[in-house]
Amino acid sequence: MAVLRWRVAAGILSAGLTLGVAELLAAFIRPESAPIHVLGSSVVDHTPDGLREWAISTFGTADKTVLFVCMGVVAVCVAGLAGALERVDRATGSTLLVFFGLLAAFVAAGRYGFLAAVPTVIGVAAGVYALRVLTERIAETFPGAASVQPPPNAPPSDRAPARASAPGDTESRAAPETSGAQAQPDAAATHTATPAPTTGTAAEPRTGIDATAKSPGSAAEPRTEADAGSAGSGTLTTGPQRRELLRDMAITGGLALLAGVGGRLWSARRGDVSGERAAVMLPQPSDPAISLLPDADLRVPGLTPYITPNDDFYRIDTALFLPQVSIEDWSLRIHGMVDREILIGWGDLARRPVVERLVTLACVSNPVNGDLVGNALWRGYRLDELLAEAGPHPDADMVLSRSKDGWTSGTPLAVLTDGRDALLAVGMNGEPLPVAHGYPARLVVPGLYGYVSATKWVTELEVTRFDRATAYWTRRGWSALGPIKTGTRIDTPRGRARRPAGRIPIAGVAWAQHRGITAVEVQIDDGDWRPARLSTEQSIDTWRQWVYDWDATPGTHTIRARSTDGTGEVQTAERRDVIPDGATGHPTLTIQIG
């Protein structure tokens, strides 16, 4: 077991060096070509829908952290296995490292080009070299683990050759004849060394440590696993070999840590746009500033604020590492089925009229009563005006938007040009877009789920057709159009809560973007639906708060809520999963009174 632990440690340290070297080199070539990023992105792209939605509903916006933890556990297991399998004369563990390294290199080359595979290839070479060196050191430190010894009960011809005679040895290798008696076997069946008997008497058996001691003139015994140590544990050599093993492992671990952390810090520093973002001055809107109407925010304790702070706004996307896009490099290309292709740089936007609108966004992965929905004040440029400059062809029906990291979204062209406040947004709640929410520019489209409209770090709009192009999620079986369904959420009280009897406010938010909310009702147990009090409607493109004052009586109660949108359609009670076009059903919770 001692040798196995050393081998496993060698495998983990060597794999760490592989990742560290690759991370460092990727910082200079292309940060997203690092193996951890490449393989993680591939996992995101190929995760089955059911598993992905379970992760989102279970872990929410921490789903990426959980993914990295799981990847780390798998990497440690594979690395440990590689170390356990590696031998001086059998490079099985090295082969395992090469296999996973080539897999990562292949994926990197497919995503970003041949050069992106270089960091991983060099990292694997460094890791394999380290594993070979450490394996040799282990063999030197544990000599009994370097080869397999014959079993103790093997015939004499199969056993290891006897050690050379020590100076002064005069006895034969064969067991001597005794006069009158044979040497008695060890009753405990231990491997013993039988010294040459004295004349006329039987040799007394010796066991344990004493059995291995040789007195001058005694016969040398065959070396067995009891002497050298079994192949699984070996005999620890004290002295230079052990010190060299510890030194080499410390060097390997130190280099892995230094390269990995250094590469990650350099990548972050090299492309970090947070300083640039802090210095950006947002253009002022052409229209008068928006002010909240009286009672648009009911300010009930426990109720979500009408405007969601930037730090609390949900984030669901496929980016494992946030794209860092500078305004110096950013541009928006509009092309495809258009009369003229146009390219808009950051400086070009300054000459265009700016608008500011309140819009509620929702994720299609939001479960019933979930929190993947938020309301913000967005500042930017009307998309219908930008598209009009390019002149879409009459037979075009879709705009395929593309993010800096390659993610795509397909939006109906009719939605972007029907007069709603679809924006190329550059500001959020009075400040430049946070990097996590798309700095320097993103799309905001009222009435559609984010997977078909809310492209962050947007760099391209291709005017095309649904029968000619498919976007990231539609290729995976999700609905192509993605209109937001009427939704309701109960914010307070919380489910499974225990509250005293008396008046309790039941409050939450309801949304049906671009249709508006006209009513919210609450049901206690199986009673009648009762109307809730609504906040003032600020816009049909935002959610509305609601509250119902309930005179609670002792006992266990079930609370439900439902909304009616601006077309008069009542929210359905039918429970459906988020796949393929959003969840449905009434939010329901149980509460204990008294």
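Keep in mind that this is a model prediction, so the values were computed, not measured.

1. Description of the packing of aromatic side chains
- All told, the structure shown has twelve aromatic pairs when counted by the stated rule.
- Each ring, one from Phe313 and one from Tyr314, has its centre 5.3 Å from the other, and the planes form 20°; the classification is stacked. Each member of the pair, Phe313 as well as Tyr314, carries the same accessibility label: buried.
- Ring geometry for Phe313 and Trp378: centres 5.9 Å apart, planes at 85°, overall edge-to-face.

2. Structural notes on the sheet that holds strand β2 (residues 342–345)
- Across the sheet, five strands lie side by side as β2-β1-β10-β5-β6; this open sheet has mixed pairing. What marks the edges here is a single partner per strand, and that holds for β2 and β6 (408–412). This sheet shows a mean twist of 20° between the axes of neighbouring strands, independent of strand direction.

3. What to know about the sheet that holds strand β17 (residues 544–552)
- Taken in spatial order, the four strands line up as β11-β13-β17-β16 in an open sheet, and their pairing is antiparallel. Each edge of the open sheet is held by one strand with a lone partner, namely β11 (487–492) and β16 (533–534).
- Of the strand pairs in this sheet, β16 and β17 are connected by two bridges, and their pairing is antiparallel. Bridge pairing in β17 places Leu534 opposite Trp546.

4. Considering the packing of helix α1 (residues 2–29) against helix α9 (residues 240–271)
- The interhelical angle for the contact between α1 and α9, taken along N-to-C directions, is 30°, at an axis separation of 7 Å. Between α1 and α9, the crossing angle belongs to the class labelled roughly parallel. You can see that α1 and α9 cross each other, and the crossing is left-handed.
- For the contact of α1 with α9, the per-class residue count stands at 17 nonpolar, nine polar and three charged.

What counts, and at which threshold
- Residues numbered from 1 in each chain as written.
- Predicted model: local features only at pLDDT ≥ 70, side-chain atom pairs only at ≥ 80, totals over all residues.
- Heavy atoms only, no water.
- Phe/Tyr/Trp six-rings, centres within 6.5 Å; stacked < 30°, edge-to-face > 60°.
- Buried < 20%, exposed > 50% of the residue type's maximum accessible area, 1.4 Å probe, protein only.
- Pairing = 2+ DSSP bridges.
- Helix = DSSP H or I, 4+ residues; strand = E, 2+ residues; numbered from the N terminus.
- Axes fitted to C-alpha atoms, helices over the stretch in contact; angles between N-to-C directions.
- Parallel < 35°, antiparallel > 145°, perpendicular 65-115°, else oblique.
- Left-handed = near helix turned anticlockwise from the far one by under 90°.
- Nonpolar A, V, L, I, M, F, W, Y, C, P; charged D, E, K, R; others polar.

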